[in-house]
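Examination of the molecular architecture
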Amino acid sequence: MDTTSEAAIREKTTERLEKAMGTFGTAALASMEEQLPWFRRMPADQRSWIGLVAQAGIAAFVEWFKSAEESRPAIAGEVFGTAPRELLRSIKLKHTIDMVRVIIDVVETRLDELAAPGGEAQLREAILRYTRDVAFGAAQVYAQAAETRAAWDARLEALVVNAVLRGEVDDGMHSWAAALGWTSKPVVVIAGMTPEDEEPEVTIDQMQLAARRARVDVLAGVQGHRVIVIVGGAEDQLEAARPIAAKLGPGPVVIGPPVDDLYDSTVSAQAALAGLKAAAGWPDAPRPVLASELLPERALDGDADARRYLVDQVFEPMCAAGAPLLDTLTTYLEQGSSLEATARLLFVHPNTVRYRLRRVAELTGLSPTDGRNAFTLRIALVLGRFGARPARV
């Protein structure tokens, strides 16, 4: 068949397509109603939009078929430009492909009556090529929408993290978190350092990947050289933090105390950041480490919350228990943790010293016989005595 004959057949087929185009939309919607369960469940307004997309797809095919190959329009703009942006949120890419397949099936079932004599193969080939282009166009539209949403989500995530750090945990922040699908409780905040020579976006992606593997939810933000990770739904905070810590840069990784929800997350964030700052005072700290295990370093570094905790929860209970308990602990620490030396200086039996030290552990949760706990107790004693000194000094 020569070029002139092909052009003539294409022109006659185009005329037939244009005449039948009005009925295609109705037939396509009826076929979707019959074949696609998800379409039947959609609200009427969304089905109406899909009808417009279907009509646009058929019109675009006719225009595409009659155009010279070098001047054919872009499929994505012709077909998917009809639909509102909200429709992309309701219809998955798979559903879009299903819809296109049904529309093309409607055309193919009438191929013999639509094609001019001798043009059946020409029309069939055009349908196959058009379907391929539509599939690629759909993928491009959804990819662009996904990139746009990802960028918006990243901005929302950064806003939530910043609000937590500033203590602005109001209903507005909760709305941002809800837009990100956040519903998890309890909450802990983890602070660490950024990996070397890695873009912030890559770091956050790594946090999200680690969180999925740990089956927890995270909101992450990079601030300078620090990474702040809000973790939700962790049953064991240390177990949840380990895979996240593996994705962070060198240096300490500190876990704030667990809190009930995002409204209280600033408390956890402040403890984690104070611990990150003070962790240099304990080079052998485990990674990750609880902020509560860094109380003495935090107190020495000027953290008011840590100082208050050591006084209120460690020093004051011992004071309330009586002077012999404080005297025994002080002497024990000053004598290098020697039971015998302490007993001699206090003129008591070593078993009495043991009893009093056990009592200290019961009241404070810190055992004087443990080196690290003994250091914490010593700092608590000093801070408590600072508070008890006379005002005139």
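Per chain, the residues get numbers from 1 upward, laid out in the order the sequence is written. pLDDT decides what is reported in this predicted model: residues at 70 or higher carry local features, side-chain atom pairs at 80 or more are listed and counted, and totals for whole chains, interfaces and linings draw on all residues regardless. Side-chain measures were taken over the full set of non-hydrogen atoms in the model, leaving aside hydrogen atoms and water.

Under the annotation held in an unreviewed UniProt entry, the protein carries the name Helix-turn-helix domain-containing protein and is attributed to Actinomadura barringtoniae. The heading Sequence similarities (unreviewed entry) in the UniProt record of the protein holds the text "Belongs to the CdaR family." UniProt positions are given in the numbering used here, feature names are shortened, and annotations may be inferred rather than shown by experiment.

**As for the overall build of the protein**
Going along the chain from the N terminus, every DSSP run of H or I of four or more residues is numbered as a helix, and every run of E of two or more is numbered as a strand. Scanning the protein for helices and strands turns up 18 helices and 5 strands. Taking as baseline every contact in the protein between residues at least 6 positions apart, the subset at least 24 positions apart corresponds to 68%. As displayed, the protein offers around 20,800 Å² of accessible surface, 52% of which is attributable to carbon and sulfur atoms. Contacts: residue pairs with any heavy atoms within 4.5 Å of one another. Surface accessibility in these figures is a Shrake-Rupley result with a 1.4 Å probe; residues are shielded only by whichever protein chains are displayed.

**Considerations on the pattern of salt bridges**
A carboxyl oxygen of Asp or Glu within 4 Å of a side-chain nitrogen of Lys or Arg is what we treat as a salt bridge. For the structure shown, the criterion picks out 7 salt bridges. The shortest N-O distance in the salt bridge between Arg298 and Asp303 comes to 2.8 Å. Each member of the pair Arg298 and Asp303 is classed as buried. Salt-bridge contacts for Asp305 lead to Arg308; the nearest nitrogen and oxygen are separated by 2.8 Å. Taken together, the residues span about one helical turn, with Asp305 and Arg308 both in helix α14 (residues 304-321) at a distance of 3 residues. Only protein chains enter the calculation, and the probe is 1.4 Å; a residue is then buried if its accessible area is under 20% of its type maximum, exposed if over 50%, and partly exposed in between.

**A short note on the pairing of strand β3 (residues 226-232)**
Along β3, 6 of the 7 residues are buried, which leaves the element largely enclosed by surrounding structure. The pairing of strand β2 (residues 217-223) with β3 spans 7 bridges and is classified as antiparallel. Following the sheet pairing, Val218 is matched in β3 by Val231. Paired strands are those between which DSSP finds at least two bridges. Hairpin connection from β2 to β3: 2 residues lie between these consecutive antiparallel strands, with Gly224 at a positive phi of about 65°.

**Notes on the packing of helix α15 (residues 323-334) against helix α16 (residues 339-346)**
In contact at an axis separation of 9 Å, α15 and α16 are set at 130° when each is read in the N-to-C sense. In this view, α15 runs oblique relative to α16, as classed from their interaxial angle. Handedness of the α15/α16 crossing: right-handed. For the pair α15 and α16, the contacting residues are Asp327, Thr328, Thr331 and Tyr332 in the first and Leu339, Thr342, Leu345 and Leu346 in the second. Residue polarity is assigned by list, with Asp, Glu, Lys and Arg as charged and Ala, Val, Leu, Ile, Met, Phe, Trp, Tyr, Cys and Pro as nonpolar; anything else, Gly included, falls into the polar class. Within the contact of α15 with α16, the residues separate by chemical class into 4 nonpolar, 3 polar and 1 charged. Axis definition: a line fit to C-alpha positions, over the contact stretch in the case of helices; interaxial angles, taken between N-to-C directions, run 0 to 180 degrees. If an angle is under 35 degrees, it is roughly parallel; if it is over 145, roughly antiparallel; if it lies from 65 to 115, roughly perpendicular; otherwise it is oblique. Each crossing is labelled by how the near helix is turned from the far one, with a counterclockwise turn of less than a right angle marking it left-handed and a clockwise turn marking it right-handed.

**Side note on the environment of Arg155**
One can find Arg155 in helix α8 (residues 120-166). Look at Arg155 and you get partly exposed, because its relative accessible area is 48%. Along the backbone, Arg155 and Gly221 are 66 residues apart, and their C-alpha atoms lie at a distance of 9.6 Å.

**Structural notes on the packing of aromatic side chains**
Geometry of aromatic contacts follows a simple scheme: Phe, Tyr and Trp rings, the Trp one being its six-membered ring, pair when their centres are within 6.5 Å, and the pair is stacked under 30 degrees between planes, edge-to-face over 60, tilted otherwise. For the structure on display, the rule yields 1 aromatic pair. The interplanar angle of 90° and the centroid separation of 6.2 Å between the aromatic rings of Trp38 and Phe39 together place this pair among those described as edge-to-face. For the pair shown, Trp38 and Phe39 are each scored as buried. The ring of Trp282 has Arg372 sitting right over it, with the charged end atom 3.6 Å from the ring centre. For a lysine, the NZ atom is tested; for an arginine, the CZ atom; a charge sits over a ring if that atom is within 6 Å of the ring centre and within 35 degrees of the ring normal.

**Quick notes on helix α12 (residues 265-278)**
Here the expected span of a helix is defined as 1.5 Å times the quantity of residues minus one. Spanning 14 residues, α12 covers 20 Å between terminal C-alpha atoms, matching the ideal 20 Å at 1.5 Å per step. Most of α12 sits inside the fold, with 11 of its 14 residues counted as buried.

**A few points about the nonpolar core**
Side-chain atoms within 4.5 Å link the members of a nonpolar core, which is a set of buried Ala, Val, Leu, Ile, Met, Phe, Trp, Tyr and Cys residues. Leu17, Met32, Phe61 and Leu123 are the most contacted members of the largest nonpolar core, which has 33 residues in total. Going through the elements one at a time, α1 (3-35), α2 (37-40), α3 (44-66), α6 (93-109), α7 (111-114) and α8 are the ones with two or more residues in this core. Per-element accounting of this core gives the leading share, 9 residues, to α3. Ranked by size, the runner-up nonpolar core spans 28 residues in total, among them Val160, Ala177, Val254 and Leu294.

**Describing the environment of Ala271**
Among the secondary structure elements, Ala271 is positioned in helix α12. Overall, Ala271 belongs to the buried group, its relative accessible area being 9%. In this structure, the C-alpha to C-alpha distance between Ala271 and Asp305, residues 34 residues apart in sequence, is 8.0 Å. Those residues in contact with Ala271 that sit more than four places away from it in its chain are Pro257, Ala291 and Arg298.

**Things to note about the sheet that holds strand β1 (residues 187-193)**
If you trace the 5 strands from one edge of the open sheet to the other, you get β2-β3-β1-β4-β5, paired in mixed fashion. Bordering the open sheet on either side are β2 and β5 (289-290), each of which pairs with just one other strand. Strands β2 and β3 of the sheet are contacted by helix α10 (residues 200-214), whose axis makes an angle of about 160° with β2.

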